[in-house]
Amino acid sequence: MLFKFLSSSAAREADVTDERLYFDRRGLIGAVAASALLPMQARAAAGADGTPLRVRRTRDLSDGLTSYDAVTHYNNFYEFGTDKEQPARTAGTLRTRPWTVRVDGLVGKPRTFDIDALMRAFPLEERVYRHRCVETWSMVVPWAGFPLASLLKQVEPLSSAKFVAFETLNDPRQMPGQRSAVLQWPYVEGLRIDEAMNPLTLMAVGLYGKTLLNQNGAPIRLVVPWKYGFKSIKSIVRIRLVDKQPPTSWNRYGPGEYGFYANVNPSVSHPRWSQARERRLGDWLPRATLPFNGYGEEVAGLYRGMDLRRYY
Amino acid sequence: MARRLKPAVLRGLRVGVHLAMAVPLALLLWRWIDMILGTDPRQAGLSAEPVAYTINYLGLWALRGLWASLAVTPLRRLTGMVDLGLLRRPLGLWSFAYAILHFGVYFGLDQLASPVLLWRDVVEHKFAFFGMAALLLLTPLAVTSTRAMIRRLGARRWQWLHRLVYPAAILASVHFILRVKGFQWEPWIYATVVALLLAARVRVRR
């Protein structure tokens with residue numbers, strides 16, 4: 001039922017990356033893969049998160065993928081606790097249906113999108129992106145989603161809209177981490193309008209060909225691969241187009257540590273640690289961090305003439 | 001009134017101290033062996049990022065060892081059991097062992113065993129500076145922990161030198177506070193315990 005609408009779209013059966021392929025890529029032995037697949041299918045049948053999605057891979061990367069297990073069990077999602085493995089254990093309290101995303105502000109047609117309608121509104125692309133955390137670890141994730149630009153076009157931004165502000169759900173009953181003052185809640189993020197319209201900027205609804213698990217920011221999150229991970233806000237309920245640079249959570253907490261732009265930049269050191277290197281999950285030794293996380297060709301032009309030491 | 005412990009009890013306590021401090025290390029080693037033999041790092045209990053997990057784990061046990069060694073004197077005064085003082089050396093040495101391993105993994109795997117990278121990290125980042133300073137303060141204490149060194153230095157000078165553990169514990173606590181993002185209780189709880197143990201000392205001395 002979920003896939004009917006796609007029968008006329010560009011995605012064909014042959015384009016769909018087989019689930020098993022992922023597990024093979026992880027280099028796991030067959031027995032482990034089989035036992036890992038079973039609970040996934042059971043959950044999918046129950047209609048919970050992790051439901052298979054029909055996606056078409058539009059962007060690959062020669063770097064090896066980080067395993068599904070690691071991607072879903074190493075999460076900075078402070079709404080569910082500050083320990084990396086905590087969200088996987090505790091995010092079950094988040095209810096992702098019904099869910100709506102309000103898109104308004106300086107737009108011609110403000111709208112409230114139902115999440116299921118939104119997931120059907122655009123063909124889902126699979127894009128393999130590097131994901132670099134400001135804490136100097138990184139992963140490679142096959143996201144499933146659609147360009148943020150496609151969504152924004154639907155609401156017809158006014159020419160006065162210069163920035164896009166994002167907001168995570170604010171509900172301490174569903175997000176117990178919001179009861180402690182680690183950060184000011186709700187989590188908010190922002191992009192400049194040209195960053196938001198850049199074709200790399202993705203609204204992700206899944207990863208590894210399945211809907212997002214709660215700990216990864218279900219049901220819908222932002223993915224901005226050339227910026228530190230904290231820019232990629234999770235479990236979004238509201239998107240506003242505005243004329244002034246909106247406040248962003250980590251910048252509000254530590255303006256000297258986290259800038260609004262937060263572009264991955266090996267030559268600008270964080271006050272607590274160097275950003276010159278990063279460790280891929282599972283690697284022993286760190287590797288060199290690339291400017292703009294390796295996406296410079298596509299995004300460096302957005303910042304021409306800006307002093308990136310000042311606008312970190 | 002100074003009370004003495006029966007030699008058997010004292011021996012039992014010493015074994016207990018060694019066990020309590022050795023078991024976490026043995027557990028960590030066992031997990032690493034498990035991982036190297038092919039178990040997924042998370043299944044082996046090392047999280048999806050085993051290196052960061054190991055550095056944090058070793059650092060936390062170094063701090064806990066510092067707590068324990070700092071707790072000996074207040075406990076001794078409280079109970080009047082002078083022999084408890086004999087537990088201080090093994091606790092201090094275990095704490096130092098964890099601190100050295102903590103540094104070693106960070107130096108080897110984070111800083112690629114490069115003195116240049118290490119130096120840069122320490123001078124550019126307060127977080128690394130405080131940790132390094134704590135370790136440097138603890139090093140002479142470990143070196144002079146033998147009976148022969150106590151004799152050579154003389155009890156008075158030796159005792160003076162070993163008060164370096166107080167600033168070391170404070171620096172290590174700050175190092176932990178600087179480690180975390182956002183407001184989190186855990187490092188402040190660790191620092192509070194250190195503060196209480198130091199405060200207990202001040203009161204007892206009066």
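Computed from a predicted structure; not experimentally measured. (Residues numbered from 1 in each chain as written. Chains lettered and ligands numbered in written order. Predicted model: local features only at pLDDT ≥ 70, side-chain atom pairs only at ≥ 80, totals over all residues.)

Q: So what exactly am I meant to see when it comes to the overall build of chain B here?
A: Assigned secondary structure in chain B consists of nine helices and zero strands. Mapped in sequence order, the helices and strands of chain B form the string α-α-α-α-α-α-α-α-α. Taken over C-alpha atoms, the radius of gyration comes to 18 Å for chain B, in line with the 17 Å a tight globule of 206 residues would show. Along the longest, intermediate and shortest principal axes, the C-alpha atoms of chain B span 55 × 35 × 35 Å. For chain B, with 206 residues in total, the buried portion stands at 30%. When contacts within chain B are restricted to residue pairs at least 6 apart in sequence, those whose partners lie at least 24 apart make up 64%. (Helix = DSSP H or I, 4+ residues; strand = E, 2+ residues; numbered from the N terminus. Rg over C-alpha atoms; globule rule 2.2 N^0.38 Å. Buried ≥ 20, exposed ≤ 12 C-beta atoms within 10 Å, placed from the backbone. Contact = placed C-beta atoms within 7 Å.)

Q: Is there a simple way to explain the overall build of chain A in this structure?
A: From N to C terminus, chain A includes nine helices and 13 strands. Buried residues in chain A amount to 45% of all 312 residues. In chain A, once contacts between residues fewer than 6 apart in sequence are set aside, the share between residues at least 24 apart is 71%.

Q: What exactly am I supposed to notice about helix 1 (residues 7-36) of chain B here?
A: Along an α-helix, residues three or four apart share an orientation, since each turn contains 3.6 residues. All names here are of chain B. With 30 residues, helix 1 extends 43 Å from end C-alpha to end C-alpha; this agrees with the ideal 44 Å at 1.5 Å per step. For helix 1, every residue scored as buried is listed here: Val17, Met21 and Arg31. Where helix 1 is buried, its residues meet helix 2 (50-79) and helix 3 (88-110). Downstream of helix 1 by a residue or two, glycine 38 has a phi angle that is positive, lying close to 120 degrees. (Expected span 1.5 Å × (residues − 1).)

Q: Please clarify how the packing of helix 2 of chain B against helix 3 of chain B should be interpreted in this entry.
A: For any two helices packed against each other, the geometry is given by the interaxial angle and the distance between the axes. Residue and element names in this part refer to chain B. Relative orientation of the contacting elements helix 2 and helix 3 amounts to 160 degrees, with a least axis distance of 8 Å. In terms of axis orientation, helix 2 runs roughly antiparallel to helix 3. Crossing hand, helix 2 versus helix 3: left-handed. Judged by residue contacts, Val51, Thr54, Ile55, Leu58, Gly59, Trp61, Ala62, Gly65, Leu66, Ala68, Ser69 and Val72 of helix 2 engage Arg88, Leu91, Gly92, Trp94, Ser95, Tyr98, Ala99, Leu101, His102, Val105, Tyr106 and Leu109 from helix 3. For the contact of helix 2 with helix 3, the residue count by class is 16 nonpolar, seven polar and one charged. (Axes fitted to C-alpha atoms, helices over the stretch in contact; angles between N-to-C directions. Parallel < 35°, antiparallel > 145°, perpendicular 65-115°, else oblique. Left-handed = near helix turned anticlockwise from the far one by under 90°. Nonpolar A, V, L, I, M, F, W, Y, C, P; charged D, E, K, R; others polar.)

Q: It is not clear to me how the environment of Pro246(A) should be interpreted in this structure. Could you clarify?
A: One can find Pro246(A) in the loop between strand 11 (236-242) and helix 8 (249-253). Those residues within four positions of Pro246(A) in sequence are excluded, and the remaining contacts are Phe163(A), Ala165(A), Val188(A) and Gly190(A).

Q: Is there a simple way to explain the environment of Val71(A) in this structure?
A: The residue Val71(A) is located in helix 3 (residues 68-71) in this model. Beyond its immediate stretch of four places on either side in the chain, Val71(A) contacts Thr66(A), Met139(A), Val141(A) and Leu207(A).

Q: Would you take a moment to explain the packing of helix 5 (residues 126-143) of chain B against helix 8 (residues 165-179) of chain B for this structure?
A: Residues and elements named next belong to chain B. Direction vectors running N to C along helix 5 and helix 8 enclose 155 degrees, while the axes themselves pass 8 Å from each other. Here helix 5 lies roughly antiparallel to helix 8, going by the angle between them. The interaxial crossing formed by helix 5 with helix 8 has left-handed handedness. Every residue of helix 8 that contacts helix 5 at Lys126, Phe127, Phe130, Gly131, Ala133, Ala134, Leu137, Leu138 and Leu141 is listed here: Val165, Pro167, Ala168, Leu171, Ala172, Val174, His175, Leu178 and Arg179.

Q: Can you help me understand the pairing of strand 5 (residues 137-147) of chain A in this one?
A: Across a regular strand the side chains alternate sides, sitting on one face of the sheet and then on the other. All names here are of chain A. With nine of 11 residues buried, strand 5 is to be regarded as a mostly interior element. As paired elements, strand 4 (residues 125-132) and strand 5 share eight bridges and run antiparallel to each other. Residue arginine 127 lies in a different strand from strand 5, and its bridge partner there is tryptophan 143. As defined by bridge partners, strand 5 adjoins strand 12 (residues 277-280) across two bridges and the pair is classed as parallel. Of the residues in strand 12, the one forming a bridge with serine 138 is arginine 280. Both strand 5 and strand 8 (residues 202-207) contribute to a ladder of five bridges, which runs antiparallel. Across the sheet, the residue bridging to alanine 144 is glycine 206, located in strand 8. (Pairing = 2+ DSSP bridges.)

Q: Could you clarify how one ought to interpret the interface of chain A and chain B in this entry?
A: Often the size quoted for an interface is simply the accessible area lost on bringing the parts together. In this assembly, 24 residues from chain A lie in contact with 19 residues from chain B. The residue inventory of the side of chain A that touches chain B, partitioned by class, reads 14 nonpolar, five polar and five charged.

Q: Any chance you could explain helix 2 of chain B here in plain terms?
A: With 30 residues, helix 2 of chain B extends 42 Å from end C-alpha to end C-alpha; this agrees with the ideal 44 Å at 1.5 Å per step. Backbone geometry just downstream of helix 2 of chain B places Gly80(B) in the positive-phi region, at approximately 75 degrees.

Q: Any chance you could explain the sheet that holds strand 2 (residues 100-105) of chain A here in plain terms?
A: Consider a sheet: its strands pair through backbone hydrogen bonds, and that pairing is either parallel or antiparallel. Residues and elements named next belong to chain A. With mixed pairing, five strands are arranged side by side in an open sheet as 3-2-11-6-7. Among the strands making up the open sheet, the edge pair consists of strand 3 (111-114) and strand 7 (188-192). Sheet twist, expressed as the average angle between the axes of neighbouring strands with direction ignored, equals 15 degrees. Relative to strand 11, strand 2 is paired through four bridges, and the arrangement is parallel. Looking at the pairing, aspartate 104 lines up with arginine 240 of strand 11.

Q: Which parts of the structure should I look at to understand the pairing of strand 4 of chain A?
A: Residue and element names in this part refer to chain A. Burial analysis of strand 4 places seven of its eight residues in the buried class, the great majority of the element. Inspection of the sheet shows strand 1 (residues 56-59) paired to strand 4 by three bridges, in the parallel sense. Bridging from a neighbouring strand, arginine 59 pairs with arginine 127 of strand 4.

Q: Would you explain the confidence of the model for chain B in this entry?
A: Note that predicted coordinates carrying low pLDDT should not be read in detail. Scored by pLDDT, chain B comes out at a mean of 94, with 97% of its residues at no less than 70. With a pTM of 0.87, the predicted complex shows an ipTM of 0.90. (pLDDT = per-residue confidence, 0-100.)

Q: Would you take a moment to explain unusual backbone geometry for this structure?
A: Of all residues except glycine, most have a negative phi; of all peptide bonds, most are trans. Residues and elements named next belong to chain A. Cis geometry is found at the peptide bond from tryptophan 185 to proline 186, where omega equals -5 degrees. Among the secondary structure elements, proline 186 is positioned in the loop between strand 6 (163-168) and strand 7. Following alanine 218, the chain continues into proline 219 via a peptide bond in cis, with omega recorded as -5 degrees. Relative to the elements of secondary structure, proline 219 occurs in the loop between strand 9 (210-211) and strand 10 (221-223). Phi is positive for threonine 136, close to 75 degrees, though the residue is something other than glycine. In this fold, threonine 136 is placed in the loop between strand 4 and strand 5.

Q: Would you mind going over the confidence of the model for chain A with me for this structure?
A: Residue and element names in this part refer to chain A. Overall, the prediction assigns chain A a mean pLDDT of 88, with 85% of residues at 70 or greater. Low confidence marks residues 1-16, where pLDDT is under 50. Its contacts with residues over four positions away, or in another chain, come to 15 contacts. Confidence drops under a pLDDT of 50 for residues 23-48, and excluding neighbours within four residues, the segment shows 14 contacts in the predicted structure.

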